[in-house]
Amino acid sequence: MTYFIALLVGVGSIVVGAVLAARGKRLDIAEWAVGGRSFGSFLFWFILAGETFTTFALLGASQSVYVDGAAGYYVLGTVVLTSAIGYWVVPKIWRAGKTHGLMTEGDYFTARFDAPWLGAVLALFGIVGLLLYSEVQLTGLSLVLQTLFGQGLSATWYVVIAGLAVVVFIFTGGMRSAAFGAVVKDILLLVVLIAIAFTAAEAAGVNGWGGIFDAVAREHPAAATLPGMTTGTASNDWWWMSFLLLTPIGAFVLPHSFQVSFSAKDVATVRRNQIVQPLYSLFYILIIVIALAALLTHPGLKGSQANGSLLIFVREHSPDWLVGLLAGAGILVALVPTAVLLLTCSTLFTRNVYALARRTATDREQLRVSRIGVVVLAAVAVAVTTTQNTALVNIMVNVYNAIGQLAPALFLSLLWRRVTAVGVLCGVVVGAAGIVFPPLNAALLALCPAGTVIGLPALVLNIVVTVLVSLVTRPPGQAAIAVGMPEAVLVAEVPAGSSTLRG
């Protein structure tokens, strides 16, 4: 029954989503990459806010709570803080895309700085970051399948199968396929998590959710308070606060979030979505309850078993039909976000790297190259995943450390007319060097309280370098500035004393 239900949900959703996406639509590069800029509140909610609920949310968050205890509660704040920033920044991203025909983050940087070379460089940087992010999703899917279906196949084969499924899923309908899949994914997962969470206390031998927290406080007291169960600085207060701050700053410079922002049909849809998006944080309460119940019933799990602690708990304490539903939902939780990640990577390459070398590329040619790119990048993602064995939380921290270095480029482009392409590039290079170059890494961390996530001091260095270099290099023209700051250009063009309304 477990196999049948999981395959029915997973495969059925992929097939139905692909058919619905392709039905009655002419697939061109805009439809493929940004859903024809036509998603209303319903689809946009699931494709953008739904990207919040990925394999990391299901397994990484539960692993963090299981291993670190209360330190893992940082996940409750990420969605709320991200939506607060998104309410301001996403409408600006959407307007730039609609006005100037942008489809990727690289398109935005190209237009905002009148520098195709910058768009290409930052596109390549974004592709590397998203391939790391896809490792989170594919690793999670492998854990889901191995834990719930057994060790009949190796983890490598599970990841390969997942890569093939992603290609099939996204190849036919592009972004719209992912949107339809996200609807099924989130509704099903919410129902399954509610069912598991409300039976977790009985499985743990206590009364109610309050009983779970009380039992954890008695049996694992270090897990009940910050900084958590581990000693040292791996999850102390400074780690907790710095990662919680870095996450919302980096959320909308993740190239797939940027690209998905272009899929909304209007600004009202964007703002409405950001207002209700914090409701997604309620998902995490269910995951925390289940993770703590797993800690009570299966203490001492290490490594990949700790990553799959939620799955082990469900496998041992739930009926087959519920295990099957979780497996099916878990397949979708990995495949839908991975499809968006690979779609974004292929579009970045096509629009900002390939098109730079071949400026005469037609719409049809761009679509063909982007589809080929999905296949190639899926193979790369599978290869990266099968050669790594890292905790999901650690992978996610690395993603935000890297991608977060694009934040000064985006936010300064929306706030400061004087920021330049050379300044942005220098800032990104120095910030990235602060993450990967050991001497600079050590120097930055020496200036910070122990436990601080390296991405935060690297981000500060990035901003300083961006500003200083921008002050001594030539700024872009008015037309380029207007891409990110149309109001500032309008104000500059109004003569002194004029009564013309601004904006």
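Quick caveat: nothing in here was measured; it's all calculated off a predicted structure. (Residues numbered from 1 in each chain as written. Predicted model: local features only at pLDDT ≥ 70, side-chain atom pairs only at ≥ 80, totals over all residues. Heavy atoms only, no water.)

1. Structural notes on the overall build of the chain
- Along the chain, the regular secondary structure elements total 25 helices and zero strands.
- By principal-axis analysis of the C-alpha atoms, the chain measures approximately 75 × 55 × 45 Å.
- Residue burial in the chain is summarised as follows: out of 503 residues, 59% are buried.
- Long-range contacts, defined here as pairs at least 24 residues apart, represent 85% of the contacts in the chain between residues at least 6 apart.
- Accessible surface for the chain amounts to roughly 19200 Å². Of this, 67% is attributable to carbon and sulfur atoms.
- When the 26 basic and 20 acidic side-chain charges of the chain are each reduced to a single mean position, those positions are 12 Å apart. (Helix = DSSP H or I, 4+ residues; strand = E, 2+ residues; numbered from the N terminus. Buried < 20%, exposed > 50% of the residue type's maximum accessible area, 1.4 Å probe, protein only. Contact = heavy atoms within 4.5 Å. Areas by Shrake-Rupley, 256 points an atom, 1.4 Å probe, with all protein chains shown as cover. Lys, Arg positive; Asp, Glu negative; His and termini not counted. Charge placed at Lys NZ, Arg CZ, Asp CG, Glu CD.)

2. As for the environment of Ala224
- Tracing the chain through its elements places Ala224 in the loop between helix 10 (208-219) and helix 11 (237-251).
- Expressed as a C-alpha distance, the spacing of Ala224 and Asp214, which sit 10 residues apart in the sequence, is 8.9 Å.
- Not counting residues within four places of it along the chain, the set of residues in contact with Ala224 comprises Ala70 and Ala217.

3. Points about helix 6 (residues 105-113)
- The element helix 6 is largely enclosed, with a buried count of seven among its nine residues.
- Among the residues of helix 6, Glu105, Gly106, Asp107, Tyr108, Phe109, Arg112 and Phe113 are the ones counted as buried.
- A distance of 3.3 Å separates the backbone nitrogen of Gly106 from a side-chain oxygen at the start of helix 6, and that oxygen is part of Thr104.
- In the stretch just after helix 6, Asp114 is the one whose phi turns positive, near 50 degrees. (Polar contact = N/O pair within 3.5 Å; in protein donor to acceptor, adjacent residues only side chain to side chain.)

4. With respect to the packing of aromatic side chains
- Enumeration according to the criterion identifies 14 aromatic pairs in this entry.
- Between Phe258 and Phe262, the aromatic rings sit 5.6 Å apart at their centres with planes inclined by 80 degrees, giving edge-to-face as the arrangement. Accessibility classification places Phe258 together with Phe262 in one group, the buried group.
- Taken together, the ring pairs in this structure connect Phe42, Trp45, Phe46, Tyr280 and Phe283 into an aromatic cluster.
- We note Arg112 situated over the ring of Phe113; from NZ or CZ to the ring centre the distance is 5.1 Å.
- When the ring centre of Tyr87 is taken as reference, the NZ or CZ atom of Arg271 above it lies at 5.6 Å. (Phe/Tyr/Trp six-rings, centres within 6.5 Å; stacked < 30°, edge-to-face > 60°. Lys NZ or Arg CZ within 6 Å of the ring centre and 35° of its normal.)

5. Observations regarding the pattern of salt bridges
- In this structure the tally under the stated criterion is five salt bridges.
- A salt bridge links Asp186 to Lys185; the nearest nitrogen and oxygen atoms lie 2.6 Å apart. Across the pair, exposure class does not vary: Asp186 and Lys185 are buried alike.
- The partner of Arg315 in a salt bridge is Glu316, and the shortest N-O contact between them spans 3.0 Å. (Salt bridge = Lys/Arg side-chain N within 4 Å of Asp/Glu carboxyl O.)

6. Some details on unusual backbone geometry
- If you check the backbone angles, Arg37 has positive phi at about 55 degrees while not being a glycine.
- Structurally, Arg37 is set in the loop between helix 2 (29-34) and helix 3 (41-48).
- Despite not being glycine, Asp114 shows a phi value in the positive range, around 50 degrees.
- Looking at the secondary structure, you find Asp114 in the loop between helix 6 and helix 7 (116-149).

7. Let's talk about the packing of helix 9 (residues 175-204) against helix 17 (residues 320-357)
- Where helix 9 meets helix 17, the closest approach of the two axes is 8 Å, and the angle between their N-to-C directions is 145 degrees. The element helix 9 and its partner helix 17 pack so that their crossing is left-handed. Residues Met175, Ala178, Gly181, Ala182, Val184, Lys185, Leu188, Leu189, Val192, Ala195 and Ile196 of helix 9 lie in contact with helix 17, whose contacting residues are Leu322, Leu325, Leu326, Ala329, Leu332, Val333, Val336, Pro337, Val340 and Leu343.
- Among the residues making up the contact of helix 9 with helix 17, the classes are represented as 19 nonpolar, one polar and one charged. (Axes fitted to C-alpha atoms, helices over the stretch in contact; angles between N-to-C directions. Left-handed = near helix turned anticlockwise from the far one by under 90°. Nonpolar A, V, L, I, M, F, W, Y, C, P; charged D, E, K, R; others polar.)

8. Examining a nonpolar patch on the surface
- On the surface, Leu76, Tyr87, Ile275, Val276, Leu279, Leu282 and Ile285 cluster together into a nonpolar patch covering about 610 Å² of accessible area.
- Sorting the residues of the nonpolar patch by element identifies helix 5 (75-100), helix 13 (267-276) and helix 14 (281-297) as the ones contributing at least two each.
- Residue position: Tyr87 is located in helix 5.
- By relative accessible area, Tyr87 is classed as partly exposed at 38%. (Patch = residues over 30% accessible without salt bridge, like charges linked within 9 Å, V, L, I, M, F, W, Y side chains within 5 Å.)

9. Digging into the side chain of Arg37
- For the buried Arg37, no salt bridge exists, and the shortest N-O distance to an oppositely charged side chain is 6.7 Å, to Asp107.
- In this structure the side chain of Arg37 is engaged in a polar contact, spanning 2.6 Å, whose partner is the backbone oxygen of Leu102.
- For Arg37, the contacting residues outside a window of four places in its chain are Gly97, Lys98, Gly101, Leu102, Met103, Phe262, Ser263, Ala264 and Lys265.

10. Considerations on the nonpolar core
- Judged by nonpolar contacts, the single largest core of 157 residues is most densely connected at Ile47, Tyr108, Leu193 and Ile212.
- Ranked by residues supplied to this core, first place goes to helix 17 with 17 residues. (Core = buried A, V, L, I, M, F, W, Y, C linked by side-chain atoms within 4.5 Å.)

11. Points about the environment of Val270
- Positionally, Val270 belongs in helix 13.
- For Val270, the residues in contact, after removing those within four places along its chain, are Phe44, Val90, Pro91, Trp94 and Ala264.

12. Points about helix 9
- Between its first and last C-alpha, helix 9 extends 41 Å over 30 residues, near the 44 Å set by a 1.5 Å rise per residue.
- Of all the bends in helix 9, the largest measures some 30 degrees and sits at Phe198.
- Just beyond helix 9, the residue with positive phi is Gly205, at close to 75 degrees. (Expected span 1.5 Å × (residues − 1). Bend = angle between axes of the 7 residues up to and from the residue.)

13. Considering the confidence of the model for the chain
- Scored by pLDDT, the chain has a mean of 85; 90% of the residues are at 70 or more.
- Element-level pLDDT for the chain is lowest in helix 25 (residues 486-493), with a mean of 65, against a maximum mean of 96 in helix 6.
- Taken as a whole, residues 496-503 scores under 50 in pLDDT and shows three contacts with residues more than four places along the chain or in a different chain. (pLDDT = per-residue confidence, 0-100.)

14. Here we look at the side chain of Asn462
- Looking at the element boundaries, Asn462 is found in helix 23 (residues 455-471).
- Engagement of the side chain of Asn462 in a polar contact is seen with the backbone oxygen of Gln405, the distance being 2.8 Å.

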